[in-house]
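Structural overview
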Amino acid sequence: TMMLKNIPVGLSHEQVRTTLLSLGVSFDILHVPADIRSGCNRGYVFLNCTSTAAYDEAAARLQNSQLPGFPGSKKVLEV
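This report concerns the structure included in the present document. (Residues numbered from 1 in each chain as written. Predicted model: local features only at pLDDT ≥ 70, side-chain atom pairs only at ≥ 80, totals over all residues. Heavy atoms only, no water.)

1. So, the overall build of the protein chain
- From N to C terminus, the protein chain includes two helices and three strands.
- Ordered by position from N to C terminus, the α and β elements of the protein chain give β-α-β-β-α.
- Relative to a compact globule of 79 residues, whose C-alpha radius of gyration would be 12 Å, the protein chain shows 12 Å and is just as compact.
- With respect to the principal axes defined by its C-alpha atoms, the protein chain has extents near 35 × 25 × 20 Å.
- Long-range contacts, defined here as pairs at least 24 residues apart, represent 56% of the contacts in the protein chain between residues at least 6 apart. (Helix = DSSP H or I, 4+ residues; strand = E, 2+ residues; numbered from the N terminus. Rg over C-alpha atoms; globule rule 2.2 N^0.38 Å. Contact = heavy atoms within 4.5 Å.)

Okay, structure coming up:
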């Protein structure tokens, strides 16, 4: 299981899922904790990669990168 920090707060579960899949990240479970009052995500997600190799590839691809398609966010991802 991987914890990915610094996700842009305005993204929905579906936006995070779609973006990670478009980057070629292979996972079978995605948990996007959200604030009950605002409905916004909390800036981090948990994902369960399908294998050790998939974890290593995702970590290399995501660490110190930014999610594409969200130019308003300057957040740098941390695994």
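2. Side note on the nonpolar core
- Leu20 and Leu47 are the most contacted members of the largest nonpolar core, which has 20 residues in total.
- Contributing elements (two or more residues each) for this core: strand 1 (2-5), helix 1 (13-22), strand 2 (27-31), strand 3 (44-49) and helix 2 (52-62).
- With four residues, helix 2 is the largest single contributor of residues to this core.
- Contacts of leucine 47, omitting those with residues within four sequence positions, involve Thr1, Met2, Leu4, Leu20, Val25, Phe27, Ile29 and Leu30. (Core = buried A, V, L, I, M, F, W, Y, C linked by side-chain atoms within 4.5 Å. Buried < 20%, exposed > 50% of the residue type's maximum accessible area, 1.4 Å probe, protein only.)

3. Topic: the packing of aromatic side chains
- Applying the stated criterion to the full structure yields one aromatic pair.
- Ring geometry for tyrosine 44 versus phenylalanine 46: centroids 5.8 Å apart, planes at 80 degrees, classification edge-to-face. (Phe/Tyr/Trp six-rings, centres within 6.5 Å; stacked < 30°, edge-to-face > 60°.)

4. With respect to empty space enclosed by the protein
- Taken as a whole, this structure holds one cavity of 30 Å³ or more when the rule is applied.
- Empty space within the largest cavity amounts to approximately 30 Å³.
- In terms of lining residues, the largest cavity is bounded by Pro8, Gln66, Leu67, Phe70, Ser73 and Lys75.
- Per-class residue counts for the lining of the largest cavity are three nonpolar, two polar and one charged. (1 Å grid on protein atoms, 1.4 Å probe; cavity = no way out; pocket = protein on both sides within 12 Å on 5 of 7 lines; lining within 4 Å. Points joined across faces, edges and corners; volume = space filled by probe spheres on them. Nonpolar A, V, L, I, M, F, W, Y, C, P; charged D, E, K, R; others polar.)

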